[in-house]
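# Per-entry structural report
Letter by letter, the chains look like this.
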Amino acid sequence: MSAKDKAIEIVTKYAKLDFGCNDKIVISLIHKKQALIAMDEMLDFRNALYINEGSLAHQWLLDVKHEIELL
């Protein structure tokens, strides 16, 4: 899955929680902010997840965060 696809998936999950349905998803600034908070938490917690700074996994998390910011 690409970083962009993952970003859309994460933000959409927050939108689905907010609206409680799968029919019409409206992504708002609030959903983006919620997803960015989640990504920041994952990046802060990366040491416990054994993700080293500069690794491919760390870069992928940064790429997903960047794609969320672009939405």
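In case you missed it, the structure is sitting above this.
Position labels on residues start from 1 in each chain and follow its written sequence. Whole-chain, interface and lining totals are the exception, using all residues; otherwise, since this is a predicted model, local features are given only for residues with pLDDT of at least 70 and side-chain atom pairs are given and counted only at 80 or more. Hydrogen atoms and water are omitted, and side-chain values are computed over all heavy atoms in the structure.

### Some details on the environment of Met39
Within the element layout of this structure, Met39 appears in helix H2 (residues 29–44). Assessed through its relative accessible area of 2%, Met39 is described here as buried. Remark: the alpha-carbon pair of Met39 and Lys65, spanning 26 residues in sequence, is separated by 6.1 Å. Contacts between residues were defined by any pair of non-hydrogen atoms, one from each residue, lying within 4.5 Å. Ignoring anything within four residues of it in the chain, the contact list for Met39 reads Ile10, Leu61, Val64, Lys65 and Ile68. Secondary structure elements are taken from DSSP: a helix is a run of H or I of four residues or more, a strand is a run of E of two residues or more, and numbering for both begins at the N terminus. Burial here depends on accessible area, computed with a 1.4 Å probe over protein chains only, as a share of the maximum for the residue type. Under 20% is buried, over 50% is exposed, and the range in between is partly exposed.

### Details of the packing of H2 against helix H3 (residues 56–70)
When two helices pack together, you describe them by how their axes are tilted relative to each other and by the distance separating the axes. To obtain an axis, a line is fitted to C-alpha atoms, over the contacting stretch when the element is a helix, and the angle between two such axes runs from 0 to 180 degrees between their N-to-C directions. Where H2 contacts H3, the two axes come as close as 10 Å, and the packing angle between them is 165°. Regarding the angle of H2 to H3, the classification is roughly antiparallel. In the packing of H2 onto H3, the handedness of the crossing is left-handed. Residues Lys32, Ala35, Leu36, Met39, Asp40, Met42 and Leu43 of H2 touch H3, and the partners they reach there are His58, Leu61, Leu62, Val64, Lys65, Ile68, Glu69 and Leu70. Following the grouping adopted for this structure description, the nonpolar residues are Ala, Val, Leu, Ile, Met, Phe, Trp, Tyr, Cys and Pro, the charged ones are Asp, Glu, Lys and Arg, and the polar ones are all others, Gly among them. Looking at side-chain class alone, the contact of H2 with H3 contains ten nonpolar, one polar and four charged residues. With respect to orientation, any angle under 35 degrees is reported as roughly parallel, any angle over 145 as roughly antiparallel, any angle of 65 to 115 as roughly perpendicular, and every other angle as oblique. For any helix crossing, the convention is left-handed if the near helix is rotated counterclockwise from the far helix by under a right angle, and right-handed if that rotation is clockwise.

### Here we look at the pattern of salt bridges
In the sections that follow, a salt bridge refers to a side-chain nitrogen of Lys or Arg positioned within 4 Å of a carboxyl oxygen of Asp or Glu. Per the stated rule, a full pass over the model turns up four salt bridges. In this structure, Glu9 engages Lys13 in a salt bridge whose closest nitrogen and oxygen atoms are separated by 3.4 Å. Here the residue Glu9 and the residue Lys13 both occupy positions in helix H1 (residues 3–19), the gap between them amounting to four residues, near one helical turn. Residue Glu9 is classed as partly exposed on the basis of its relative accessible area, which comes to 26%. Relative accessible area serves as the criterion here: at 48%, Lys13 is assigned to the partly exposed category. Of the charged contacts in the structure, one is a salt bridge between Arg46 and Glu53, with a shortest N-O distance of 3.2 Å. Glu53 gets classed as exposed once you look at its relative accessible area, which sits at 62%.

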